[in-house]
Amino acid sequence: MSKGRFGKYGGQYVPEIVMPVLKELEAAYEQYQADPDFLAELRRYYVEYAGRPTLLYYAENLTKYYGGARIYLKREDLLHTGAHKINNALGQVLLAKRMGKKRIIAETGAGQHGVATATVAALFGMECKVFMGAVDIERQKLNVFKMKLLGTEVVPVTTGTATLKDATSEAIRYWAAHIEDTHYIIGSAVGPHPYPTMVRDFRSIIGREIREQIKAEAGGRLDYLVACVGGGSNAIGTFHEFAKDSDVKKIGVEAAGRGPGIGDNAQTLSNPASRPGVLHGAYSYLAQDDDGQVIEVYSISAGLDYPGVGPEHAMFHDQGIVEYVGINDREAQDAFQLLSREEGIIPAVESSHALAYLGKLMPKTQKDEVVVVTLSGRGDKDVQQVARALGEEI
Ligand SMILES: *Cc1c(COP(=O)(O)O)cnc(C)c1O
């Protein structure tokens, strides 16, 4: 099977019962991915509903602060719902509509993907169920309430550790039992084929816009692209367009959490201990123990707290097309405060990992070079948590 493979990674490792619906999805995506009507409708929602193109902002104060290359921020934080996740949710819901599906399901950990999915389900008048671990429901009350407000049913999952991994398994089980009328919106560039390709395509608008905008801003000069990596969708959306531009250095930033110990971070590619394995339908790098058990990973940032990574990143890692690095909780929190103070922009704690890498990169750069950091989301959702980490209760 070479379809849906990125080198040796990717594939479709799913229960037999799910195969027909993956085949159906694959066929639908092949039909519509270049269909002018489909793309025009998607474009209209990107522009009129989500707020594309997002700005490419020259961060002059941050540039002065570091004193090296010119720093630009790709402002995905300005999108409706506050992060890049809406790009994919809109693409998939439009596809589901074309396929005649009546119901949308999704899994969510922190609730960000759940809210993006609930948003597009409300917009298109589709029934929506979001599977969420009971522990996460307790931790993420604000997003749970938002989903309910948007008309979505939040389904508590109490099996296993009652977190994201279990919610995903439960969503797959539900999907298998409701194949005819249900589409499953996966929130990152992970899962079985065709998801990693499809999600990447919906997110690649980020990289395509950067190429256009940097022409106007910096005469096309671009030396570094930096993005954070959870499942890897905002990063692949940033990097894919530039995969063949070997003069553009691409850096994916993973969460180094509270240290290198097992279960203390969420690094899969920048961690020498991680090895390839199968998780949620695809073969890719995985945080696993010596017995091949997937380990519970940790990061201050709920959006980076995932033990796997998209298969295209696994290939880019092996081929040296992208360099993967780790940034710890402390460094991310410092970057969260730095961008707030220097630029008046409060970044998501996920995006703060990418921003924090500037502290290591900038001293090695020249003034005439250009760096673009993808600001994957805004930090309103994280203010309370960062305050607590700084010893302040609000
Ligand atoms: C979900 C999320 C991420 C991580 O997801 P990717 O698929 O790796 O992009 C990063 N930033 C924000 C703001 C998020 O909400």
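Residues numbered from 1 in each chain as written. Predicted model: local features only at pLDDT ≥ 70, side-chain atom pairs only at ≥ 80, totals over all residues. Heavy atoms only, no water.

Visitor: Help me understand the pattern of salt bridges, please; the structure alone is not making it clear to me.
Guide: Side-chain pairs of opposite charge can arise whenever the charged atoms involved come near each other. Scanning all chains against the criterion turns up 29 salt bridges. Ionic pairing is found between Glu-209 and Lys-74, a salt bridge with its closest N-O pair at 2.7 Å. Separated by 135 residues along the polypeptide, Glu-209 in helix α10 (residues 205-218) and Lys-74 in strand β4 (residues 70-75) bring together distant segments of the chain. Note on Glu-209: relative accessible area 8%, which makes it buried. With its nearest N and O atoms 2.9 Å apart, the salt bridge here joins Lys-141 to Glu-138. Per residue, the accessibility class of Lys-141 equals that of Glu-138, and both read exposed. When salt bridges with common partners are traced through the structure, they connect Arg-52, Lys-74, Glu-76 and Glu-209 into a single cluster. (Salt bridge = Lys/Arg side-chain N within 4 Å of Asp/Glu carboxyl O. Helix = DSSP H or I, 4+ residues; strand = E, 2+ residues; numbered from the N terminus. Buried < 20%, exposed > 50% of the residue type's maximum accessible area, 1.4 Å probe, protein only.)

Visitor: Looking at this model, I keep getting lost on helix α1 (residues 19-32). Mind explaining?
Guide: Note on helix geometry: an α-helix contains 3.6 residues per turn, so any two residues three or four positions apart are oriented the same way. Over its 14 residues, α1 runs 20 Å from end to end, which matches the ideal 20 Å to within 8%, given 1.5 Å per residue. Within the sequence span of α1, burial applies to Met-19, Val-21, Leu-22, Leu-25, Glu-26, Ala-28, Tyr-29 and Tyr-32. On the buried face of α1, the contacting elements are α2 (36-50), α4 (85-98), α8 (164-177), β8 (182-184) and α9 (195-203). (Expected span 1.5 Å × (residues − 1). Contact = heavy atoms within 4.5 Å.)

Visitor: Looking at this model, I keep getting lost on the sheet that holds strand β6 (residues 127-133). Mind explaining?
Guide: The strands making up a sheet associate through backbone hydrogen bonding, with each pair oriented either parallel or antiparallel. In space, the four strands of this open sheet follow the order β7-β6-β5-β8, with parallel pairing throughout. Pairing within the sheet leaves two strands with one partner each, and these edge strands are β7 (153-157) and β8. Strand-to-strand twist in this sheet, taken as the mean axis angle between neighbours without regard to direction, amounts to 25 degrees. Both strand β5 (residues 103-108) and β8 contribute to a ladder of three bridges, which runs parallel. Within the sheet, the bridge partner assigned to Arg-103 lies in β8 and is Thr-182. Running over the sheet, α8 touches β5, β6, β7 and β8 and is turned about 160 degrees from β5. (Pairing = 2+ DSSP bridges. Axes fitted to C-alpha atoms, helices over the stretch in contact; angles between N-to-C directions.)

Visitor: Help me understand the site of the ligand, please; the structure alone is not making it clear to me.
Guide: Every one of the 16 residues lining the ligand counts as a neighbour, but Lys-85, Ser-188, Gly-232, Ser-233 and Ser-376 are closest to it. Between His-84 and the ligand, the recorded distance is 3.0 Å, taken from a side-chain N or O atom to an oxygen atom. Contact distances for the ligand include 2.5 Å between an oxygen atom and a side-chain N or O atom of Ser-188. Tallied by class, the residues present in the shell around the ligand amount to four nonpolar, 10 polar and two charged. (Near = heavy atom within 4 Å. Polar contact = N/O pair within 3.5 Å; in protein donor to acceptor, adjacent residues only side chain to side chain. Nonpolar A, V, L, I, M, F, W, Y, C, P; charged D, E, K, R; others polar.)

Visitor: Can you help me understand the pairing of strand β14 (residues 370-375) in this one?
Guide: Within a regular beta strand, the side chains point alternately toward one face of the sheet and then the other, so they alternate between its two faces. Burial of β14 is extensive: six of the six residues sit out of reach of the surface. The alternating pattern of β14 places Val-370, Val-372 and Thr-374 on one face and Val-371, Val-373 and Leu-375 on the opposite face, and all of these are buried. With six bridges joining them, β4 and β14 adopt parallel strand pairing. Across the sheet, the residue bridging to Arg-70 is Val-370, located in β14. Where strand β9 (residues 224-228) meets β14, three bridges bridge the pair, whose relative direction is parallel. Counterpart to Val-226 in the pairing with β14 is Val-373.

Visitor: How should α8 be read in this particular structure?
Guide: Between the first and last C-alpha of α8 there are 20 Å, a value that for 14 residues agrees with the 20 Å anticipated at 1.5 Å per step. All of the buried residues in α8 are Asp-166, Ala-167, Thr-168, Ala-171, Tyr-174, Trp-175 and Ala-176. Buried residues along α8 sit against α1, β5, β6, β7, β8 and α9.

Visitor: What's the story with the environment of Lys-249 in this structure? I'm lost.
Guide: On the secondary structure map, Lys-249 appears in strand β10 (residues 249-257). The exposure class assigned to Lys-249 is partly exposed, which follows from its relative accessible area of 40%. Non-local contacts of Lys-249, meaning those with residues more than four positions away in its chain, are made with Asp-223, Tyr-224, Leu-225 and Glu-323.

Visitor: Help me out: how do you make sense of the sheet that holds β9 in this one?
Guide: Pairing is mixed in the open sheet, where six strands are placed in the order β3-β4-β14-β9-β10-β13. In the strand order of this sheet, the two ends are held by β3 (56-58) and β13 (323-328), each with one partner. Neighbour-to-neighbour, the strand axes of this sheet turn through a mean angle of 25 degrees, independent of strand direction.

Visitor: Would you mind showing me how to read the nonpolar core here?
Guide: Soluble globular proteins: nonpolar side chains tend toward being buried together. Judged by nonpolar contacts, the single largest core of 87 residues is most densely connected at Leu-90 and Leu-95. Contacts of Leu-90, omitting those with residues within four sequence positions, involve Leu-42, Tyr-45, Tyr-46, Tyr-49, Ala-50, Val-120, Leu-123 and Phe-124. One finds Leu-62, Leu-338, Leu-355 and Ala-356 within the second-largest nonpolar core, a separate group that totals 33 residues. (Core = buried A, V, L, I, M, F, W, Y, C linked by side-chain atoms within 4.5 Å.)

Visitor: Is there a simple way to think about a nonpolar patch on the surface in this case?
Guide: Together, Phe-145, Leu-149 and Leu-150 line one region of the surface with nonpolar side chains, adding up to about 320 Å² of accessible area. Mapped onto the elements of the fold, Phe-145 is located in helix α7 (residues 141-149). Judged by its relative accessible area of 52%, Phe-145 is exposed. (Patch = residues over 30% accessible without salt bridge, like charges linked within 9 Å, V, L, I, M, F, W, Y side chains within 5 Å. Areas by Shrake-Rupley, 256 points an atom, 1.4 Å probe, with all protein chains shown as cover.)

On their own, these measurements won't tell you what the molecule is for.
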